[in-house]
Amino acid sequence: MKHLDIYDVLNDKSLLGKKVTVCGWVRTFRDSAQVAFLELADGTSFARLQIVVDKSKLTLDPECAKNGASVCVKGEVVKAFKGEGAELNAEEITLLGKCPPEYPIQKKRTTLEFLRGIPHLRLRTNTFTAVFRVRSVAAQAIHRYFHEHRYYYVNTPIITASDCEGAGEMFRVTTHGYQAKASSEAEYYKNDFFGQKAGLSVSGQLEGEVAATAFSKIYTFGPSFRAENSNTTRHLAEFWHIEPEVAFAELPDIMEIAEDMLKYVIKAVMDECPDEMNFFDSFMEKGLKEKLHNVVNSKFGVIDYTDAVEMLKKANAQFVYPVEWGCDLQTEHEKYLTEVVFKKPLFVINYPKQIKSFYMKQNADGKTVAATDLLVPGIGEIIGCSEREADLEKLVSAMKARGMDMQSYKQYLDLRVFGSVPHSGFGLGFERFVMYVTGMENIRDVTLFPRSVNNIM
Ligand code: 4AD
Ligand code: MG
């Protein structure tokens, strides 16, 4: 169908006075003696287009006036009666699809929780139009950032035989039927599709390191899978993961890259999505725009894990989980540090080695690793980052200490045999980033079809 985007009709001043065709879904209908008004949305713009129907010239099919109906409208673009934009004086309105009254998206504000039950229709609301516009703009900006900085975009495998982050979180990939019997685990997988145990990747890092030790600067942007039983507002079983990996970079270098990249993307979202950001600022998180403006214009905080633990122990706050050196920081601790103490994004660096992954560079103190989590107010961790252990012996000893199967990491170890280099990388959870820039509080509301424990609608 030849037609224009509503975005163009609202924004392109050269269309004033011209005859155009638009298509979309009816959001509201108002009637009076001489004129009727339809508000039409097609998803290309946060603002809707007002269609003005002069009843002396045009008889409106009542089906076209129903909330949710899809229509095609021909008419003349005129300056809006109110405000800056444009509206359309209708000359012909054609019904494309009827919408019966049981349509669950009604004008009165429905709750996000209710909308989670209708993932196939909720995208037609203002909130979700805004969320997914921001998500799309942010994804484009991430690619642009890395492209402009001469990173290769690589695609790492989704099906893998090696576990990057440690045992117990991987979904199995198998073609065996439910009644398959075997005498042992090895025997069971020997007859499986790959002839060995395979799963969905929790991270593209290990293969990313392979690419970085050839191309120097790479990133991945793809799905990662976690079978962790965390039914929280920040966890998904399937999430999108941005993972740059940079050769010849040490921890401070990669932290600088992470900060620069985040600021670039936040700025792009604020510049390219003004209507959406105004909406979030008014309805989701008061002060959101000011918060993001400050993030772009100030340095992120940095604190050593050991100092953070001391600070938490002295804190005038009631924590459910007690804090001791060596413990993993819980969300409540992360929130205290970013929301109460620093009030901005915060890198916590040099974690105890026993709570972090095998591949992280061991610091000279023998107790900590050159790793950092970036914590942000309202969410907690959005980035996991580290310098990688480039020393073969140290890496092997860390793997042995964890009882890992060396055979399946042969290629990874080879990177330390043939021209090993210092290198670092990080993983940004894309949905958590979108939550941070929109003020949305539940990760299920920034994902088209969220997958989480007991939920695969
Ligand atoms: O901290 P994580 O587990 O780090 C890694 O996977 C590293 N291999 C990354 C790297 O260095 N290349 O995960 C990185 C980020 C987290 O900070 C979080 O934002 C996100 O991925 N993430 C999740 N997001 C949603 N649901 C989950 N279940 C997530 N698990 C991790
Ligand atoms: Mg992490």
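Remember, it's a predicted structure, so these values are computed and weren't measured experimentally.

J.: Can you tell me about the sheet that holds strand β11 (residues 301-304), naming the residues and giving the values?
T.: With respect to topology, eight strands assemble into an open sheet ordered β6-β9-β10-β15-β14-β13-β12-β11, the strand pairing being mixed. If you trace the sheet from one side to the other, it starts and ends with β6 (152-153) and β11, each paired once. Sheet topology note: the β6/strand β9 (residues 217-225) ladder contains two bridges and is parallel. By the bridge assignment, Tyr 153 is partnered in β9 with Tyr 219. Across the sheet, helix α13 (residues 430-438) lies against β9, β10 (238-247), β13 (368-376), β14 (380-387) and β15 (423-429), angled at about 60° from β15, the strand it touches most.

J.: Mind laying out the environment of Leu 121, listing which residues take part and the relevant values?
T.: If you trace the backbone, Leu 121 turns up in the loop between α2 (112-116) and α3 (126-148). Spatially, the C-alpha atom of Leu 121 lies 37 Å from that of Asp 163, the residues being 42 residues apart in sequence. In this structure, Leu 121 is in contact with Tyr 103, Pro 104 and Ile 105, ignoring residues within four places of it in sequence.

J.: A description of the packing of helix α5 (residues 205-215) against helix α12 (residues 410-417) should follow, citing residues and the corresponding values.
T.: Between α5 and α12, whose axes approach to 10 Å, the crossing angle comes to 35°. Crossing of α5 over α12 shows left-handed handedness. Between α5 and α12, the residues in contact are Gln 205, Leu 206, Glu 209, Val 210 and Thr 213 and Tyr 412, Leu 415 and Arg 416, respectively. Its residues placed into classes, the contact of α5 with α12 shows four nonpolar, two polar and two charged.

J.: For the pairing of β11, give the residues involved together with the corresponding values.
T.: Residues Gly 301 and Ile 303 of β11 are buried on one face, while the alternating residues Val 302 and Asp 304, pointing to the opposite face, are not. In this sheet, strand β12 (residues 346-352) lies alongside β11 in parallel orientation, the contact comprising four bridges. What sits directly across from Asp 304, in β12, is Ile 349.

Definitions and cut-offs
Residues numbered from 1 in each chain as written. Chains lettered and ligands numbered in written order. Predicted model: local features only at pLDDT ≥ 70, side-chain atom pairs only at ≥ 80, totals over all residues. Heavy atoms only, no water. Pairing = 2+ DSSP bridges. Helix = DSSP H or I, 4+ residues; strand = E, 2+ residues; numbered from the N terminus. Contact = heavy atoms within 4.5 Å. Axes fitted to C-alpha atoms, helices over the stretch in contact; angles between N-to-C directions. Left-handed = near helix turned anticlockwise from the far one by under 90°. Nonpolar A, V, L, I, M, F, W, Y, C, P; charged D, E, K, R; others polar. Buried < 20%, exposed > 50% of the residue type's maximum accessible area, 1.4 Å probe, protein only.

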